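# A closer look at the structure
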Amino acid sequence: TLTAGGEPDDDGDNDSHTNLTVDFGLYQSDTLPAACDLILRGIVWYDDDEDGVYHPERESGMDDVAVRLYRDSDISGDFTPGDEFLSDTITVTVDGEPGRYAFGSLCEGDYIVQTGPANFDPGSILDGYSNTTGIFVSDYGVIHVITLKAGSESAADFGFFHAVEEWPMKPF
């Protein structure tokens, strides 16, 4: 055990501030850890035709939607309260296209992207809207489960349409 001022003087260099008797080694593993430089991007849009496919020529994105990112900690493939919260952001206009968001510096792995439940509160941006993409989870909003892998593009897009209440016709 080394202690302050307790280094040996007879280790070959006559310096009491060094210890040349301590050895360690390094080796290069065959598998290097993946860099955590992946980006997850997406769009939240008004899905006017309710088909779950974004058509930029006739549909537009929604700014100001809160989006959250979680690590699928329990590897359940579903959102559970134990999943690790990582970050949140708000959709914005990027290069003239509204409704864009991105999370960067991510490692390979399983993630959950969520449009949180507060977006659906009365008077909020998604009040009265229903989803055409993702999975609606009561009390948690709409989620996408996604696996990030180096060398592949990953996106989690959210389409919403304004749900119209159907009124029964009055009999004549």
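As shown above, the structure is provided for reference.
If you're wondering where the values come from, they're calculated on a predicted model, not measured in any experiment.

## Description of the nonpolar core
The biggest cluster of nonpolar side chains holds 20 residues, and the ones touching the most others in it are Leu106, Val113 and Phe160. For this core, the elements supplying multiple residues, two or more each, are β1 (38-46), β2 (66-71), β5 (97-106), β6 (109-115), β9 (141-148) and β10 (158-162). When residues no more than four places from it in sequence are discounted, the contact partners of Val113 are Leu40, Val67, Arg68, Leu69, Tyr101, Val142, Ile143, His144, Ile146, Ala156 and Phe158. Core analysis: the next-biggest nonpolar cluster, separate from the first, contains five residues, Tyr70, Ile112, Val137 and Ile143 among them.

## What about unusual backbone geometry?
Even without glycine at this site, Glu50 takes up a positive phi of about 55 degrees. Among the structural elements, Glu50 can be located in the loop between β1 and β2. With relative accessibility at 46%, the residue Glu50 sits in the partly exposed group.

## So, the packing of aromatic side chains
Scanning all chains against the criterion turns up eight aromatic pairs. Measuring from centroid to centroid gives 5.9 Å for Tyr46 and Tyr129, while their planes differ by 55 degrees, and the two rings are tilted. You can see Tyr46 sitting in strand β1 and its partner Tyr129 sitting in strand β7 (residues 129-131), a full 83 residues away along the chain. Connected via pairs of aromatic rings, a cluster forms that spans Tyr70, Phe79, Phe85 and Tyr140.

## Thoughts on the environment of Gly77
One can find Gly77 in the loop between β2 and β3 (84-90). Owing to a relative accessible area of 42%, Gly77 belongs among the partly exposed residues under this scheme. Taking C-alpha positions, Gly77 is 7.8 Å from Asp110, a pair spaced 33 residues apart along the chain. If we ignore the near neighbours within four places in the chain, the residues touching Gly77 are Asp72 and Val145.

## As for the sheet that holds β9
Strand order in the open sheet formed by five strands is β3-β2-β6-β9-β8, and the pairing between neighbours is antiparallel. If you trace the sheet from one side to the other, it starts and ends with β3 and β8 (135-137), each paired once. With strand direction ignored, the average angle separating the axes of adjacent strands in the sheet is 30 degrees. Inspection of the sheet shows β2 paired to β3 by six bridges, in the antiparallel sense.

## As for the state of the cysteines
The final tally for this structure, using the stated rule, is one disulfide. Between Cys36 and Cys107 runs a disulfide, and the two sulfur atoms are separated by 1.6 Å. In this structure, the disulfide formed by Cys36 and Cys107 twists by about 85 degrees around the S-S bond and is classed as right-handed. Placement of Cys36 in the segment before β1 and of Cys107 in the loop between β5 and β6 is noted, with a sequence separation of 71 residues between them. On the basis of relative accessibility, which here comes to 38%, the residue Cys36 falls in the partly exposed class.

## So, the sheet that holds β5
The mixed open sheet is built from five strands, whose spatial order is β4-β5-β1-β10-β7. Each having just a single partner strand, β4 (92-94) and β7 make up the two edges of the open sheet. Mean inter-strand twist for the sheet, computed between neighbouring axes without regard to direction, equals 40 degrees. Note that β7 and β10 share three bridges and pair antiparallel.

## With respect to the side chain of Ser154
Note that Ser154 resides in the loop between β9 and β10. The buried category is assigned to Ser154, whose relative accessible area is 11%.

## Some points on the pairing of β5
Of the pairings in the sheet, the one linking β1 to β5 comprises five bridges and is antiparallel in character. Paired with Arg41 across the bridge in β5 is Ala102. Examined bridge by bridge, β4 and β5 share two bridges and lie antiparallel to one another. Following the sheet pairing, Val94 is matched in β5 by Glu97. Where β4 folds back onto β5 in an antiparallel hairpin, the turn is made up of two residues, including Asp95, whose phi is positive at roughly 50 degrees.

Calculation rules
- Numbers given for residues are sequential positions, taken from 1 along each chain in its written order.
- Local features are withheld for residues below a pLDDT of 70 in this predicted model, meaning they are given only at 70 or higher, and side-chain atom pairs are given and counted only at 80 or more; totals for whole chains, interfaces and linings count all residues.
- Hydrogens and water molecules were not included; the side-chain quantities draw on all heavy atoms of the structure.
- Residues grouped as a nonpolar core are buried Ala, Val, Leu, Ile, Met, Phe, Trp, Tyr and Cys residues, joined through side-chain atoms within 4.5 Å.
- Any residue under 20% of the maximum accessible area for its type is buried, any over 50% is exposed, and the rest in between are partly exposed; the area is computed with a 1.4 Å probe on protein chains only.
- Put simply, DSSP H or I for four residues or longer makes a helix, DSSP E for two residues or longer makes a strand, and each gets a number counted from the N terminus.
- Contact between two residues is taken to exist if any of their heavy atoms lie within 4.5 Å; hydrogens are not considered.
- Pairs were defined over the aromatic rings of Phe, Tyr and Trp, the Trp ring being its six-membered one, requiring ring centres within 6.5 Å. Orientation was assigned from the angle between planes: stacked under 30 degrees, edge-to-face over 60, tilted for the rest.
- What makes two strands pair is DSSP finding at least two bridges between them.
- Axis lines are fitted through C-alpha atoms, for helices just across the contact stretch, and the angle between N-to-C directions can take any value from 0 to 180 degrees.
- To count as a disulfide, a pair of cysteine sulfur atoms needs to be within 2.5 Å.

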